[in-house]
Amino acid sequence: MTQEDGELDSLVRKRIRALRVAQGWSLEELATRARLSQSSLSRIENGRRRLALDQLVTLARALDTTLDQLVETAADDVITSPMIDSTHGSMRWPVKGDPGMSVVRQRLTKPPPENPARMRAHPGREWLVVLSGSAILMLGHRRFRVETNQAAEFPTMMPHAIGAEGGPCEILGIFDRDARRGHQREGGDSDAQGTRE
């Protein structure tokens, strides 16, 4: 066994124990769920028993995780740089663990449109936090003021628009796959971009 294999073996055993403890389960409870004896599970966690693939699959299921997550090693590429859209004053980071998610930082300078006909609706959910300044979130006919450090979350099927109030503001938003696609389709529509620079 190489040093790297030994480190992975140790990491997997620590994860099994940590996940069990996080669930609040005793050795006996996890052993029952995984159809192992309590002594076998104890030896697996303590490194006194060889890790077998079939047992890892069973333990992963019992711990409500996947085999991939149980054995994954730390990635070297933990730092990512944003994709910059200088035309719209935004930066976007994809979320590696969930390729359908994106994090977007945007500077807003204009107020949102008051006319609901100029708002957009599309499938998905959106979450945003105001980093600086004050933002106005329009959801249908409702108007919400979102201050620095406050967050908003809403389904994007509701007609919506966001803009600045009383000067520029910066927001950080998290978009699921559908919401991100909806905003990308709006990119060519000048009405949709009227609130964001």
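Fair warning: this is a prediction, and the values are worked out from it, not measured in the lab.

(A) Inspection of the environment of Ala 18 at higher detail. Relative to the helices and strands, Ala 18 resides in helix H1 (residues 3-23). Residue classification places Ala 18 among the partly exposed residues on the basis of a relative accessible area of 45%. Between the C-alpha atoms of Ala 18 and Glu 45, which are 27 residues apart in sequence, the distance is 9.7 Å.

(B) Region of the structure containing helix H3 (residues 38-46). Along H3, the positions that sit buried rather than exposed are Ser 40, Leu 41, Ser 42, Ile 44 and Glu 45. Gly 47 occupies a position one or two residues after H3 and carries a positive phi of about 80°.

(C) Here's a closer look at the nonpolar core. Ranked by internal contacts, the top residues of the largest apolar core, which has 16 residues, are Ile 16, Leu 30 and Leu 59. Taken together, the elements giving at least two residues each to this core come down to H1, helix H2 (27-34), H3 and helix H4 (53-62). Considering every element that reaches this core, the biggest residue donor is H4, with four residues. Setting aside anything within four residues of it in sequence, one finds Leu 30 in contact with Ile 16, Arg 20, Trp 25, Leu 41, Leu 59, Ala 62 and Leu 63.

(D) Fine view of the pairing of strand S2 (residues 90-94). The pairing of strand S1 (residues 83-85) with S2 spans three bridges and is classified as antiparallel. Among the inter-strand pairings, Ile 84 is bridged to a residue of S2, identified as Met 91. The antiparallel pairing of S1 with S2 creates a hairpin that spans four residues between the two strands, and Gly 89 there sits at a positive phi of about 60°. As paired strands, S2 and strand S3 (residues 102-108) are joined by five bridges and run antiparallel to one another. In the strand pairing of S3, Trp 93 is matched with Val 103.

(E) Structural context of unusual backbone geometry. Despite not being glycine, Arg 35 has its phi angle at roughly 55°, a positive value. On the secondary structure map, Arg 35 appears in the loop between H2 and H3.

(F) How the structure looks around the pattern of salt bridges. If you walk through the whole model with that rule in mind, you get eight salt bridges. With a closest N to O distance of 2.6 Å, Asp 9 and Arg 13 form a salt bridge. Of this pair, Asp 9 and Arg 13 are both found in helix H1, four residues apart, which corresponds to roughly one turn of the helix. Residue classification places Arg 13 among the buried positions, given a relative accessible area of 8%.

Here is what the cut-offs are and how they apply
Residues numbered from 1 in each chain as written. Predicted model: local features only at pLDDT ≥ 70, side-chain atom pairs only at ≥ 80, totals over all residues. Heavy atoms only, no water. Helix = DSSP H or I, 4+ residues; strand = E, 2+ residues; numbered from the N terminus. Buried < 20%, exposed > 50% of the residue type's maximum accessible area, 1.4 Å probe, protein only. Core = buried A, V, L, I, M, F, W, Y, C linked by side-chain atoms within 4.5 Å. Contact = heavy atoms within 4.5 Å. Pairing = 2+ DSSP bridges. Salt bridge = Lys/Arg side-chain N within 4 Å of Asp/Glu carboxyl O.

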